[in-house]
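Fold and geometry: a report
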Amino acid sequence: MINKLFKSLFFVFIISVLLTSCVDKKEVTSTSEEKNKSQQSEEIISEIQQRETFALNTIIKIQLHEAPEFSDQDWEQTFAILSDIEARMSAHIDTSEVSEINKNAGIQAVKVSDDVFNIIKRAKEVAEETDGAFDPTIGALTKLWQIGTEDEHVPSQKELDQAIKKVDYNKIILDEKTYEVFLEEDGMSIDLGGIAKGYSADEVFAFLKSKGVTRAILDFGGNIVVIGAKDEASDWRVGVRKPDRMQFSVFASFYANDEAVVSSGDYERFFEEDGVIYHHIINPFTGYPTDNGIRGASVILKSSMQADAYATALIVMGKEKAIDFIQKKGLEAALIYSDMSSFHTFEDERDFRLEK
Ligand code: AMP
Ligand code: MG
């Protein structure tokens, strides 16, 4: 557990170093005259205001680079968005709305709050778009593997075979009028782990903007959202981690402005049993962690929720289907393969650069 926490801390640190190096440049180039001007006119300050918390199983780091002065209360309000989402959407919290849906699988429909309904609806749509590569009913399988907990282990083939039958997004019944969700079969289970972090980043993004924040970096583990540009001269330069479980380094970097860059990879959560590594992204058709040559996927979109779901789906699809999907949807995405070669469709202005 401590090992895992250390690993994720280290990851955030690496990404932060890259982002902070951009910040340093900004601080050097902005003059005190400019600072005074912005302070006087809009009470916007350009000193970095930064806080961290742990939520949604990830270290959440928010850096405001141009914003009104944030009080403790403003920060509490920001982080309350995350704890509220987690309390209602986590399949690991017994009292959450998602757990209530799961407990009532095959029994009855459960009325949920608007955003829980909408995220499940969106997750089901992504499942349809990706032919089930992304499937929010993956819970029947993730419950067996328990990756990231003290009880992580390789399930028996019999258990996996039975659980695969319980993974089917078509059996999520949504009632648009009553906001009720029903899982048709006993033993089905929703797990929003592949999309909820993205959703929460969108919510925090909207809240910060409503508070007058004009430049910021939201670092939610593999989900990065940037507000505005780094400064008037340049967009933010965002780094993507190299898919290496032992060492932490930046694989590539590129520019982003007022959008989400979401990365998924087989290096984020994993365990080893009898010399074999098992990771947290599960192929719904085999029941096993994916092993198809794609180690990492990154997607750039306005919606972090959407990018989050797509990034997870691309890992599951395998090279050919993933490239096909990216091209069909016209997505700006990058794939990193096992041999550390890569593919991307980022616009030229992003200046996609491999870090050696
Ligand atoms: P991410 O880190 O966004 O790629 O999401 C990984 C998490 O999504 C896992 O920890 C599971 O909770 C969940 N998950 C794993 N496999 C799938 C899948 N095939 N479809 C949807 N969610 C998945
Ligand atoms: Mg995801």
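In the block above lies the structure referred to throughout.
As the structure is a computational prediction, the values presented were derived from the model and not from experiment. Counting from 1, residues in each chain are numbered in the order their sequence is written. The order in which chains are written sets their letters, starting at A; the order in which ligands are written sets their numbers, starting at 1. Restriction of local features to residues with pLDDT of at least 70 applies here, the model being predicted, together with a cutoff of 80 or more for giving and counting side-chain atom pairs; totals for whole chains, interfaces and linings are based on all residues. With hydrogens and water excluded, all non-hydrogen atoms of the structure serve as input to the side-chain values.

Comments concerning the coordination of the magnesium ion (ligand 2)
The magnesium ion (ligand 2) binds to the protein through Gly-194 (O), Asp-308 (O), Asp-308 (OD) and Thr-312 (OG1); the donor distances cover 2.0 to 2.5 Å. Going along the chain, you hit the donors of the magnesium ion (ligand 2) in the pattern G-x113-D-x3-T. Remark: Thr-312 occurs in helix α9 (residues 304-317) and Gly-194 occurs in the loop between β6 (180-183) and α8 (196-210); sequence separation between them is 118 residues. Here Gly-194 and Thr-312 have matching classes, each one buried. A donor here means an N, O or S atom no more than 2.8 Å from the metal, or no more than 3.2 Å when the metal is Na, K or Ca. Since water is not included, a site may seem to lack partners. Each helix is a run of DSSP H or I of at least 4 residues and each strand a run of E of at least 2, with the numbering of both proceeding from the N terminus. Only protein chains enter the calculation, and the probe is 1.4 Å; a residue is then buried if its accessible area is under 20% of its type maximum, exposed if over 50%, and partly exposed in between.

Quick notes on the sheet that holds strand β9 (residues 236-241)
Here, a strand pair is defined by DSSP locating no fewer than two bridges between the strands. Taken together, the three strands give an open sheet; going across it, the order is β9-β10-β17, and neighbouring strands pair in antiparallel fashion. The open sheet has two free edges, formed respectively by β9 and β17 (353-354), since each of these has just one partner strand. In the sheet, β9 pairs with strand β10 (residues 250-256) via six bridges, with the strands oriented antiparallel. From the neighbouring strand, Trp-236 faces β10, where its bridge partner is Ala-256.

A word on the environment of Tyr-337
Summarising the element assignment, Tyr-337 is placed in strand β15 (residues 332-337). With relative accessibility at 9%, the residue Tyr-337 sits in the buried group. Along the backbone, Tyr-337 and Lys-319 are 18 residues apart, and their C-alpha atoms lie at a distance of 8.4 Å.

Concerning the sheet that holds strand β5 (residues 172-175)
An order of β4-β6-β5 is seen for the three strands of this open sheet, with the pairing classed as antiparallel. If you trace the sheet from one side to the other, it starts and ends with β4 (110-111) and β5, each paired once. The strands that helix α5 (residues 114-129) touches are β5 and β6; relative to β5, the one it contacts most, it runs at about 130°. What makes two residues a contact is simply this: any of their non-hydrogen atoms within 4.5 Å. Whenever a helix is involved, its axis is fitted only over the stretch in contact; in every case the axis is a line through C-alpha atoms, and angles between N-to-C directions fall within 0 to 180 degrees.

Some points on empty space enclosed by the protein
A pocket, in this scheme, is an open set of points on a 1 Å grid over the protein atoms alone with protein on both sides within 12 Å along at least 5 of 7 lines, while a cavity is a set where a 1.4 Å probe fits but cannot get out; residues line either one if an atom lies within 4 Å of a point. Grid points are joined across faces, edges and corners, and a volume is the space filled by probe spheres set on the points. For the structure shown, the criterion picks out three cavities of 30 Å³ or more. By volume, the second largest cavity amounts to about 40 Å³. In terms of lining residues, the second largest cavity is bounded by Val-240, Phe-251, Ala-252, Phe-254, Ser-298, Ala-334, Ile-336, Phe-346 and Phe-352. Among the elements of the structure, β10 and β15 are those that each provide at least two residues to the lining of the second largest cavity. Considering every element that reaches the lining of the second largest cavity, the biggest residue donor is β10, with three residues. Any residue outside Ala, Val, Leu, Ile, Met, Phe, Trp, Tyr, Cys, Pro, Asp, Glu, Lys and Arg is labelled polar, Gly included; the first ten of those are nonpolar and the last four are charged. Here the residues of the lining of the second largest cavity are counted per class, giving eight nonpolar, one polar and no charged.

Side note on the site of ligand 1
For each residue, the test is whether any non-hydrogen atom lies within 4 Å of the molecule or strand; if one does, the residue is near. The environment of ligand 1 is formed by 16 residues, the closest being Asp-191, Ser-264, Ile-282, Asp-308 and Thr-312. A 3.5 Å cut-off defines polar contacts: any pair of N or O atoms within that distance qualifies, except that in protein one atom must be a possible hydrogen donor and the other a possible acceptor, and neighbouring residues in sequence count only when both atoms are side-chain atoms. Separating a nitrogen atom of ligand 1 from a backbone N or O atom of Ala-133 is a distance of 3.0 Å. For ligand 1, an oxygen atom lies 3.0 Å from a polar atom in the backbone of Gly-194. The element contributing the most residues to the shell around ligand 1 is α9, with three residues. A per-class count over the shell around ligand 1 returns seven nonpolar, five polar and four charged.

As for the environment of Ala-333
As for its position among the elements, Ala-333 is in strand β15. The spacing of Ala-333 and Ala-297 is 36 residues in sequence and 7.2 Å in space, taken between C-alpha atoms. Those residues in contact with Ala-333 that sit more than four places away from it in its chain are Ser-298, Val-299, Leu-314, Ile-326, Phe-343, His-344, Thr-345 and Phe-346.

The values are spatial; any link to function lies outside them.
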